[in-house]
Amino acid sequence: MESRTKARVNVLLTSRAPQRPFLLALCVVVATLTIYACNIFLTSSSRGADTRIHRVPRNAQRILQQCAALKAIPGPQADFYLRQLSDRFEEGTKPTLIKNAHVWTGARNGTETVVGDVLLSGGVVKGIGYIPKRLLDDITDLITVEADGAWVTPGLVDLHSHVGMLSAPGMSGTFDVNSRHGPILPWLRSIDGFNTHDDAFELAIAGGVTSAQVLPGSGNAIGGQAFMMKLRKTSERSPTSMIIEPPHNLNGSEADGPLRWRHMKQACGENLRRYGNRMDALWSFRQAYNEARKVKQEQDDFCSQAQAGLWDEISGQDFPESFQWEMLVDVLRGRVKIANHCYEAVDLDDIVRLTNEFKFPIASFHHAQEAWLVPEVLKRTWGGTPAIAIFASNHRYKRESYRGSNFAPRVLADNDISVVMKSDHPVLNSRYLMYEAQQAHYYGLPPHLALASVTSTPSRAAGMLHRIGILAEGTDADVVLWDSHPLHLGATPRQVWIDGVPQLGGSPKPTLVIPEKPGHTWKEIPHVPTWDEEREEAVKYEGLPPLAPKKLFKGKVVLNNVKEVWIRTGEEGIKERWAGKNGETGTVVLVNGGIFCAGADGWCLSESKNDGDSHLEIDLHGGSVGPGLMTFGSPLGIEEIAGELSTGDGLLYDAYRGDIPSVVGDVGGVVRAVDALQFGTRNALVAHRAGVTYATSSLLKTTLFAGPSSFIGGLATTFRTGAGHALEAGAIVKPVTALHLSMGRTEPYIATVPTVSVSTQIAILRRLLLEGEDENTETGFWFKRAVEGSIPLIIDVGNADIMASLLRLKADIEDQRGGQIKMVFSGATEAHLLAKEIAQAKVGVILSPVRPFPNRWDNRRILAGPPIVNETALGTLLKNRVIVALGVQDAWEAGNIRFEAGWRSNPTQAALDSHIDQRQRYDLVTSNLEKLMGIEGWIGDEGELVVYQGGDAFNMSSKIVAVASPKRGVVELL
C-alpha cells in the first residue's frame with residue numbers, strides 16, 4: 001500500500017503540480033498520513049483487552065531477515081554435487097581422464113578404494129571407476145593419462161600452515177605472522193598478509209599439497225582470522241582469488257547463498273608469555289568472549305522482540321552489531337572453525353572449560369603434544385571432540401612439547417579421536433606433509449587413517465569435506481597421481497591437479513624421469529612393525545617411558561632369518577660381510593657383542609644350535625645387521641630441551657656482538673663441546689634406539705629462523721649416544737673432533753641483533769688462519785692446527801658465493817703457509833652450484849637439511865629434485881666425486897637420519913640417483929662422516945652394530961631390536 005500511495009503522489013506531482021501549486025502541500029499531507037496509517041497496527045495486551053499501537057519501521061523486512069539469518073549454519077547448498085562447473089574453473093583448462101588407477105577416495109573413513117578411471121572436467125570430478133563411453137564421447141580435447149595401476153589420492157590438505165605469511169626466502173619484510181598489539185585480535189585477517197610470491201607454493205604442490213589453512217601465528221591468544229587457500233596461483237594472481245569459499249563478509253557483502261564457514265586461530269601456553277602467564281591468558285579469553293556474549297545476547301533480545309512484533313520496544317534502535325567483536329559473536333553462534341594451538345594437559349583443560357563456559361566448539365587442537373594423554377578431557381569439549389593436529393616425531397623442542405610421542409596418533413585413534421598430521425610450515429617443509437603421515441603409519445596408525453590424516457580428516461575439520469580432501473563426483477578436481485603407494489618412504493607425485501589444472505611438467509620445466517612401473521611391492525601398502533608394548537609403556541609413563549635397554553646380554557646371541565650383514569672396517573670403511581641371494585636368509589651368531597659368524601652355511605648354523613652354550617635366539621624375519629649410524633649438526637647431547645636455556649650449555653660469547661671476557665683468554669673465545677656434554681638426554685637415547693649410536697656435536701646452534709648462534713661454535717666432540725656418563729668406557733669417542741664456524745648474511749627476523757658483513761667475516765677468518773692469534777691461546781692453537789690439516793675446519797655456510805670466497809681463501813692460505821686445510825661445508829644448500837670446484841679443492845660437504853628448503857636468502861638457490869627437476873644436490877655432488885655426508889639441524893631429527901638416507905631407495909629417487917647403492921647409503925651416515933671428521937680409526941672394527949627386525953636400515957618396515965657392542969662385550973636388548 002505504501003508503494004501504491006507513493007506512486008499516486010508521484011503521478012499527481014508530475015501531472016498537476018505545475019498548474020495547481022496549492023495541491024502539492026495537500027498531497028504530501030495525505031501521503032504522509034496514509035503511510036503512517038499503514039505502518040501501525042493494534043495488538044491485544046496479554047493483561048486483558050487493552051491494545052497498543054506499534055509503529056513498524058521502514059527497515060522491518062531487513063531486520064527480520066537479519067534475525068532469521070542468525071540461525072543459519074554454514075554448509076554447501078543441497079545440489080552442490082550436481083554442479084557442472086567449479087567456481088574456481090580456469091578458462092582453457094582441458095578435461096583429463098586418468099586411466100587404470102588405484103583410487104583412494106577418502107570416503108568411508110578412508111577405507112574406500114576404487115580400481116578404474118578418474119574424469120576431471122570443468123574443475124570438478126565428473127566420474128570415478130567406470131566412466132561410461134557416452135560421457136566421454138561428449139567431451140572434446142580430452143587429455144588421457146595412463147596410470148598403469150599407480151595410486152591416485154585427493155590433493156593433500158595441510159591444516160596448519162603459515163605459507164605466504166612466513167614467505168621463503170625469509171626476510172624481515174616477509175614476517176607477517178604475529179602481531180604485537182595485544183593478546184586478543186579476532187579482527188586481524190591472515191589474508192591481509194598473504195604473499196603470493198612465496199617460493200614454498202611450488203615446493204608444496206610438488207609434494208602433493210593442494211590446499212592449506214593459512215593461520216596467523218601463535219603469539220596471541222586470539223591471533224585472528226584464518227583462511228582455507230588453494231596453493232595454485234590463479235590467472236588473477238591475487239591472494240583473494242586463492243581462497244576456497246571466501247566468507248561473505250570478507251568484503252562486506254551479504255550472503256547470496258548458503259552461509260560459508262569462517263576460520264580463526266587461537267593459542268594458549270608458552271607462546272603467550274609476552275602478555276603474562278597462563279592465568280592472564282585465560283582471563284583475556286574470558287573477558288573477550290564475555291564481550292561477545294553481551295553482543296550476542298543484545299542481538300537475540302532485539303530479534304525476539306522484532307519477531308514478536310513488539311516494534312515499539314526497539315523503536316529507533318538498529319540491529320545490534322559490533323565491528324570489534326563480530327568474529328567472536330560468530331564463534332558463539334557456531335559459524336567458525338577454530339584452530340587452537342595448545343600443547344599441555346593444563347592448557348587443553350583450560351580451553352575445554354572455556355568452551356563449556358561460553359558454549360562454542362573447537363574444530364581442532366594443534367600441536368597438542370599431550371592430547372594423547374588426556375582423551376577424556378578432549379571429549380568434554382562443548383559441541384563435540386575436536387580433531388588433533390600434530391607432528392609425527394618433532395618433539396622436545398620446548399618444554400611444553402617434552403612429552404610428545406611418536407605413538408600419539410595411534411593412541412588418539414584408539415580413543416576414537418580424529419588425527420590430523422600437519423606441517424606448521426615453514427617449521428616443517430609443507431612439501432613433505434605425506435612424510436608425516438608415513439611416520440604416523442610406521443608407528444602404528446592404520447593406513448586408511450594415515451592417508452585420511454592429510455586429506456579427508458583435515459578437510460572435515462575445516463568444514464570443507466564437500467569439495468576437498470576427498471574424491472567423489474562433484475568435488476573439486478584436486479588430485480595426486482603417485483609413483484608408488486603414498487605411504488612408502490619418499491613417495492613422489494607424478495602429477496598434481498588443482499581445480500583440474502595440471503601443476504607439474506611442461507615448458508619451461510624439463511621432462512622428468514618418473515618411473516611409471518615402480519614394481520608390485522612399491523604399489524602395495526607398506527608393511528610396518530608392531531609397537532604395542534612400546535605404546536603401552538609410553539601411556540603408562542605419561543610420555544616419558546624409560547629409554548635404557550631392557551637387558552644387557554653377555555654371551556651368545558643367535559640371529560635367525562637374517563637377510564644381510566654390513567660391518568664397519570678400519571681401512572675399507574663400510575663393507576658387506578654377508579647377504580642372502582634370491583631371497584634366502586641366514587644366521588648370525590654374536591658372541592660378547594661381536595660377530596662370531598654370519599651366513600647360510602651349515603657351520604654357522606651348527607654354531608647357533610650348540611646346546612652346550614646358553615644363548616638367546618632372535619628371529620629377524622628377513623631383517624639385517626649393520627654398523628651403528630652417526631649424526632652431525634645438531635646440539636644432540638648438549639641440551640635436553642632446545643627452547644629452555646637452563647637445560648643446555650647456555651649462550652655462547654660471540655666476538656661479533658661484543659668483547660669476549662678476558663678470563664676466557666683470547667679474542668676468539670674457542671670453547672670445547674666436550675665440556676658441555678650431557679649424557680642420558682632423551683633425544684640422544686631416542687636416537688640410540690633408532691640405530692644412531694654415535695654423534696658429533698658442537699656448541700654452534702642453527703635454527704630455521706635465527707640461523708647460527710655464533711661465529712665460532714668452538715670445538716666439536718664425538719660421543720656414544722647410549723652412554724650413561726662421560727667417564728664410562730668408550731663414552732667419549734674423540735674429545736676434540738673439529739673446529740666449527742658459521743658464515744652468512746644477516747638472518748631474517750632477528751633485526752635487533754644483526755651479524756656483521758660477509759666481507760668482515762671473511763677478513764676475520766683470514767686473520768685467524770694467518771696466525772692472527774697467539775699460538776699459546778686456545779684460538780691461536782686450534783686455528784694453527786686447522787691450517788696444518790690436523791683438525792677439520794667445518795664451516796656452516798649455505799650460499800655458493802660465500803663458499804667460492806672460502807675456496808679462494810683456502811687456496812691463498814695453503815699457498816702462503818703450506819699444508820692442506822681439511823675444510824668441510826656444512827648446511828651447504830647451494831653447494832651443487834660449485835660441485836666441480838668443491839671436489840677440486842678437496843672440500844667435503846655435509847648436507848643439512850638433506851631435503852633443501854630456501855628458508856633464508858643464503859639458501860634460496862636450491863636444487864629441488866623430482867618432480868620439479870631431475871637433479872638433486874646429493875646426486876650432483878656425488879657425481880663430481882665430492883665426499884658427502886648427511887646431517888641434521890635439530891636434536892630431535894637425529895633419530896630419523898636412517899630415513900633420510902633411505903629416501904634414496906624410492907623408485908623415483910633411485911632412478912635419478914642410480915649410482916647410490918646400499919653401501920653408499922651407509923656411507924652417507926657412517927664412514928663419510930668419519931672421514932670428514934678425521935675419526936676413521938677412532939671407532940674401527942669394534943664399532944657398535946645395530947640389529948634390525950623385518951627389513952634393512954633404510955626402510956620403514958624394520959624395527960631396531962638390539963645394539964651390539966664388541967668393545968663393551970654386550971648386546972643391548974631394546
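Residues numbered from 1 in each chain as written. Predicted model: local features only at pLDDT ≥ 70, side-chain atom pairs only at ≥ 80, totals over all residues. Heavy atoms only, no water.

The name recorded for the protein in an unreviewed UniProt entry is Amidohydrolase-related domain-containing protein, from Hermanssonia centrifuga.

Draft legend 1. Quick peek at the overall build of the protein. When helices and strands are counted, the protein shows 28 helices and 37 strands. Buried residues in the protein amount to 59% of all 974 residues. The long-range fraction of contacts in the protein, counting pairs at least 24 apart against all pairs at least 6 apart in sequence, stands at 73%. Looking at the protein as shown, the accessible area adds up to about 39100 Å², and 51% of this sits on carbon and sulfur atoms. (Helix = DSSP H or I, 4+ residues; strand = E, 2+ residues; numbered from the N terminus. Buried < 20%, exposed > 50% of the residue type's maximum accessible area, 1.4 Å probe, protein only. Contact = heavy atoms within 4.5 Å. Areas by Shrake-Rupley, 256 points an atom, 1.4 Å probe, with all protein chains shown as cover.)

Draft legend 2. Examining a negative patch on the surface more closely. Residues Glu571, Glu572, Asp941 and Glu942 make up a contiguous surface patch of negative charge. In this fold, Glu571 is placed in the loop between β20 (556–569) and β21 (573–579). (Patch = residues over 30% accessible without salt bridge, like charges linked within 9 Å, V, L, I, M, F, W, Y side chains within 5 Å. Salt bridge = Lys/Arg side-chain N within 4 Å of Asp/Glu carboxyl O. Lys, Arg positive; Asp, Glu negative; His and termini not counted. Charge placed at Lys NZ, Arg CZ, Asp CG, Glu CD.)

Draft legend 3. Structural detail: the packing of aromatic side chains. All told, the structure shown has 20 aromatic pairs when counted by the stated rule. Consider the rings of Trp187 and Trp325, whose centres lie 6.0 Å apart with planes at 75°: the pair is edge-to-face. Placement of the pair is Trp187 in the loop between β8 (156–161) and α6 (200–206) and Trp325 in the loop between α7 (278–307) and α8 (326–332), with a sequence separation of 138 residues. For Trp187, a relative accessible area of 36% gives the class partly exposed. (Phe/Tyr/Trp six-rings, centres within 6.5 Å; stacked < 30°, edge-to-face > 60°.)

Draft legend 4. The packing of α7 against helix α9 (residues 345–358), seen in detail. It is at 11 Å that the axes of α7 and α9 come closest, and there the two elements cross at 20°. Classed by the angle they form, the pair α7 and α9 counts as roughly parallel. Of the two elements, α7 crosses α9, and the hand of that crossing is right-handed. Facing α7, whose interface residues are Arg278, Leu282, Phe285, Arg286, Tyr289, Asn290 and Arg293, α9 presents Val346, Asp347, Asp350, Ile351, Leu354, Glu357 and Phe358. Partitioning the contact of α7 with α9 into residue classes produces 7 nonpolar, 1 polar and 6 charged. (Axes fitted to C-alpha atoms, helices over the stretch in contact; angles between N-to-C directions. Parallel < 35°, antiparallel > 145°, perpendicular 65-115°, else oblique. Left-handed = near helix turned anticlockwise from the far one by under 90°. Nonpolar A, V, L, I, M, F, W, Y, C, P; charged D, E, K, R; others polar.)

Draft legend 5. Highlighting the pairing of β8. A large share of β8 lies buried, amounting to 6 of its 6 residues. This β-α-β element, β8 to α6 to strand β9 (residues 209–214), shows right-handed connectivity. (Right-handed = clockwise from strand over helix to strand, strands pointing away.)

Draft legend 6. The state of the cysteines, seen in detail. Using the criterion set out here, one finds 2 disulfides in the structure. The side chain of Cys268 participates in a disulfide bridge whose partner is Cys342; the two sulfur atoms lie 2.0 Å from each other. Taken together, the residues Cys268 in the loop between β11 (262–267) and α7 and Cys342 in strand β12 (residues 336–342) connect sequence positions 74 residues apart. Comparing Cys268 with Cys342 shows no difference in burial state: the two are buried. (Disulfide = S-S within 2.5 Å.)

Draft legend 7. Focus on the sheet that holds strand β26 (residues 692–697). Taken in spatial order, the 8 strands of this open sheet run β25-β26-β29-β30-β31-β32-β33-β34, and their pairing is mixed. Strands with a single pairing partner mark the edges of an open sheet, and in this sheet they are β25 (629–632) and β34 (884–886). Neighbour to neighbour, the strand axes of the sheet diverge by 25° on average, direction disregarded. As paired strands, strand β33 (residues 844–847) and β34 are joined by 3 bridges and run parallel to one another. The residue of β34 that forms the bridge with Val845 is Val884. (Pairing = 2+ DSSP bridges.)

Draft legend 8. Representation of a nonpolar patch on the surface within the structure. Together, Val591, Phe596 and Trp603 line one region of the surface with nonpolar side chains, adding up to about 290 Å² of accessible area. By the secondary structure assignment, Phe596 is in strand β23 (residues 594–599). Among the residues examined, Phe596 registers a relative accessible area of 39% and is labelled partly exposed.

Draft legend 9. Seen up close, the pattern of salt bridges. Counted according to the given criterion, the structure contains 49 salt bridges. The closest approach of N and O atoms between Arg262 and Asp330, which form a salt bridge, is 2.8 Å. With Arg262 in strand β11 and Asp330 in helix α8, the pair connects residues that are 68 residues apart, well separated along the chain. Accessibility classification places Arg262 together with Asp330 in one group, the buried group. The salt bridge partner of Glu291 is Lys294, with a shortest N-O separation of 3.4 Å. Within this pair, Glu291 and its partner Lys294 are both found in helix α7, separated by 3 residues, close to a single helical turn. Judged by its relative accessible area of 29%, Glu291 falls in the partly exposed class.

Draft legend 10. Spatial organisation of the pairing of strand β29 (residues 712–720). For β29, the tally of buried residues reaches 9 of 9 residues, placing the bulk of the element in the interior. By the bridge criterion, 4 bridges tie β26 to β29 in an arrangement that is antiparallel. Along β29, the bridge assignment pairs Ala695 with Phe719. With 6 bridges joining them, β29 and strand β30 (residues 732–742) adopt antiparallel strand pairing. Residue pairing in the sheet places Phe719 in a bridge with Ile732 of β30.

Draft legend 11. Layout of the nonpolar core. Ranked by internal contacts, the top residues of the largest apolar core, which has 104 residues, are Met264, Tyr289, Leu328, Phe360, Phe365, Ile388 and Leu412. Excluding residues within four positions of it along the chain, Tyr289 makes contact with Ile222, Met264, Gln266, Leu328, Val331, Leu332, Ile338, Leu354, Phe358 and Phe360. (Core = buried A, V, L, I, M, F, W, Y, C linked by side-chain atoms within 4.5 Å.)

Draft legend 12. Structural detail: helix α3 (residues 60–69). Taken together, the buried positions of α3 are Ala60, Ile63, Gln66 and Cys67. Mapping the buried residues of α3 onto a view down its axis gives an arc of 125°, with all of them on the same face. Where α3 is buried, its residues meet α7. (Arc of directions from axis to C-beta.)

Draft legend 13. Looking closely at helix α19 (residues 758–769). For α19, which comprises 12 residues, the first-to-last C-alpha distance of 17 Å matches the rise-based estimate of 16 Å (1.5 Å per residue) to within 8%. Among the residues of α19, Gln761, Ile762, Leu765, Leu768 and Leu769 are the ones counted as buried. The arc that holds the buried residues of α19, viewed along the axis, is 125°, so those residues lie on one side. In this fold, the buried residues of α19 make contact with β29, β30, α20 (778–788), β31 (793–797) and α21 (800–817). After α19 finishes, the residue Glu771 shows a positive phi value of roughly 60°. (Expected span 1.5 Å × (residues − 1).)

Draft legend 14. Examining unusual backbone geometry more closely. The amide bond that connects His425 to the next residue, Pro426, takes the cis arrangement and shows omega of 5°. Residues Ser848 and Pro849 are joined by a peptide bond in cis, for which omega reads 0°. For Pro849, the position within the fold is in the loop between β33 and α23 (873–879). Here the phi dihedral of Arg237 falls at roughly 65°; this positive angle occurs in a residue that is not glycine. Looking at the secondary structure, you find Arg237 in the loop between β10 (222–230) and β11. Look at Arg237 and you get exposed, because its relative accessible area is 69%. One non-glycine residue, His367, lies in positive phi territory at about 70°.

Draft legend 15. Just the sheet that holds β12, in detail. Taken in spatial order, the 8 strands of this open sheet run β8-β9-β10-β11-β12-β13-β14-β15, and their pairing is mixed. At either margin of the open sheet sits one strand with a lone partner, and together these are β8 and β15 (419–421). Taken pair by pair, the neighbouring strands of this sheet meet at an average axis angle of 25°, ignoring direction. Bridging between strand β14 (residues 387–390) and β15 involves 3 bridges; their strand directions are parallel.

Draft legend 16. How the structure looks around the packing of α3 against α7. Relative orientation of the contacting elements α3 and α7 amounts to 125°, with a least axis distance of 10 Å. The angle between α3 and α7 places the two elements in the oblique class. Crossing angle aside, the handedness with which α3 passes α7 is left-handed. Of α7, the residues touching α3 (which contributes Ile63, Leu64, Cys67 and Ala68) are Phe302, Cys303, Ala306 and Gln307. Looking at the contact of α3 with α7, its residues break down into 7 nonpolar, 1 polar and no charged.

Draft legend 17. Fine view of the side chain of Ser161. When you line up the elements, Ser161 lands in strand β8. Assessed through its relative accessible area of 1%, Ser161 is described here as buried. Contact partners of Ser161, with chain neighbours within four places excluded, come to Ala212, Gln213, Val214, Leu215 and His425.

Draft legend 18. Inspection of the confidence of the model for the protein at higher detail. Here the protein averages 88 in pLDDT, while 87% of its residues score no lower than 70. Contacts for the low-pLDDT stretch residues 1–50, under 50 throughout, to residues beyond four places or in other chains number 37 contacts. Confidence over residues 507–511 falls short of pLDDT 50; this stretch has 5 contacts with residues more than four positions distant or in other chains. (pLDDT = per-residue confidence, 0-100.)

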